[in-house]
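Structural overview for review
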Amino acid sequence: MASFGYGRRSALLLWRRSRLNPVTSKSTSFRIHLGLLLGVLGGQPSALQKSCRSWEELFVAGYLYTRLGGDPADRRKRSFEIASAFQPTHKALLALADSNPPEAIVVLARPGEYFYSAHLADLFSRAGKLDLYMVPANDQKSLRDYFVSEYALSLETLRGTVQLSADYLLSCGSRGEEILTDILCRMETQSAADPAVEKVFALSKRLSPKHSEVVVRKICTRLASNCAAIGNSAGATYWFTRANDAERAVAQAEASLTSAEIGGCHSAGAEALDRTAEAISVCDNAQIQEKLDYLRMYSELQASLINADEESSAARDAASSASALLGANGGLPEAHWGVVVYDC
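Below, the structure is looked at part by part. Quantities reported herein were computed from a predicted structural model and do not represent experimental measurements. Sequence positions are assigned chain by chain, starting from 1 and proceeding in written order. Per-residue local features of the predicted model are confined to residues with pLDDT of at least 70, and side-chain atom pairs are confined, for both listing and counting, to 80 or more; whole-chain, interface and lining totals are unaffected and use all residues. To obtain the side-chain values, all non-hydrogen atoms of the structure were used and water was disregarded.

Re the pattern of salt bridges
- Criterion for a salt bridge: a side-chain nitrogen of Lys or Arg within 4 Å of a carboxyl oxygen of Asp or Glu. Throughout the structure, instances matching the rule amount to 10 salt bridges.
- Between arginine 248 and aspartate 245 there is a salt bridge, with the nearest N and O atoms lying 2.7 Å from each other.
- Burial status follows relative accessibility: with a 1.4 Å probe on protein chains alone, a residue under 20% of its type maximum counts as buried, one over 50% as exposed, and anything between as partly exposed. Exposure remark for arginine 248: the relative accessible area of 38% places this residue in the partly exposed category.
- Note on aspartate 245: relative accessible area 18%, which makes it buried.
- The structure contains a network of salt bridges with shared partners spanning Asp122, Arg126, Arg144 and Asp145.

A short note on the side chain of threonine 237
- Relative to the helices and strands, threonine 237 is located in helix H13 (residues 233-242).
- A relative accessible area of 0% places threonine 237 in the buried class.
- Residue contacts for threonine 237: discarding those within four places in its chain leaves Ala249, Gln252, Ala253, Thr276, Ile280 and Leu292. To qualify as a helix, a DSSP run of H or I must reach at least 4 residues; to qualify as a strand, a run of E must reach at least 2; elements of each kind are numbered from the N terminus. Pairs of residues are marked as contacts when any of their non-hydrogen atoms sit within 4.5 Å.

With respect to the packing of aromatic side chains
- Side-chain rings of Phe, Tyr and Trp, where Trp is taken by its six-membered ring, are said to pair if the distance between their centres is within 6.5 Å; with planes under 30 degrees apart they count as stacked, over 60 as edge-to-face, and otherwise as tilted. Counted by the stated rule, this structure contains 7 aromatic pairs.
- Ring centres of phenylalanine 115 and tyrosine 116 lie 5.3 Å apart, and the angle between their planes is 85°; on these two criteria the pair is classed as edge-to-face.
- With a relative accessible area of 56%, tyrosine 116 lands in the exposed category.
- Considering the side-chain rings of tyrosine 238 and tryptophan 239, the 4.9 Å spacing of their centres and the 80° angle between planes classify their relative orientation as edge-to-face. For the pair formed by tyrosine 238 and tryptophan 239, the shared burial category is buried.
- Lysine NZ or arginine CZ positioned within 6 Å of the ring centre and within 35 degrees of the ring normal marks a charge as sitting over the ring. Above the ring of phenylalanine 201, the side-chain terminus of arginine 242 is found at 4.8 Å from the ring centroid.

Re the nonpolar core
- Within this scheme, the nonpolar core is defined by two criteria: the residues are buried Ala, Val, Leu, Ile, Met, Phe, Trp, Tyr or Cys, and they are joined through side-chain atoms within 4.5 Å. By size, the foremost hydrophobic cluster in this structure holds 61 residues, and its most contacted members are Ile105, Leu184, Phe201, Val215, Trp239, Leu292 and Leu295.
- The biggest single contributor to this core is helix H12 (residues 209-229), with 7 residues.
- Not counting residues up to four positions away in its chain, the partners in contact with leucine 184 are Val162, Val200, Leu203, Ser204, Leu207, Val215 and Ile219.

Below you can see the structure in the form of structure tokens.
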């Protein structure tokens, strides 16, 4: 009998638990939902976030929550609290629904990722909706130019995008030109055979004369220095001339002349001098060309000496004429006159 009574009590406890658990579960769920409802009515953004099953619901609910009723001075604060639950794209939609394009543009921007901000800013700028919005900075860039230029800069890390970057930057006024100038000056250009060289020169022509000159001078100076480092005086003279660096162009030219004098008319130095004179002749710099024209004359002089012999008075006459021209009008530095006289 005792065991039978114990079994009845156990069965009774199991029955009570099975009947009470659903009630308890429903009560707990009811309390949770009641708490969310009271939270929404009490102005708690977290309660609103938990009540919505998707961002679309939260978007509509948040818009209504922050725009209808309540103290207008508190709406901005509540908007930020609600927006914290959104992804950047969803925040942008909320800002656009509030007729606030600048905020939509800003919330889409992340370091290194300015594609959406740049193009949205460009769109609203073309529509005339960003005319009064500026970036708070010393140069007061427009909101559109700021994000477009930042996007163009982010492209610099990708190969083959300099042309695309240039198109974006050249639409950003003087600030865009400054950034593009800096990009072109930093491009890797080690030798004239590098395809990037002509690309840089072509893009520099799209800049203003002032910025174009900066780019050309920078690239040409770098190429000239590289040529000088490997003993290519002809290349160094050519690129220094294109860079309008008369002092270093003359220094390279005189080095070529000295090498030719030491080696004589049949030497490798004489051949290098010929190449240097030819390089100067194709440079588009009349002032330096005139200054270094004596190299051409000296090269012709050495060619005359090669052809000259005892039976060829014409060659000797040509050499003498070249010598006289060098001393009188050719601009040959006096330090070289003695060599010319001795050779002729």
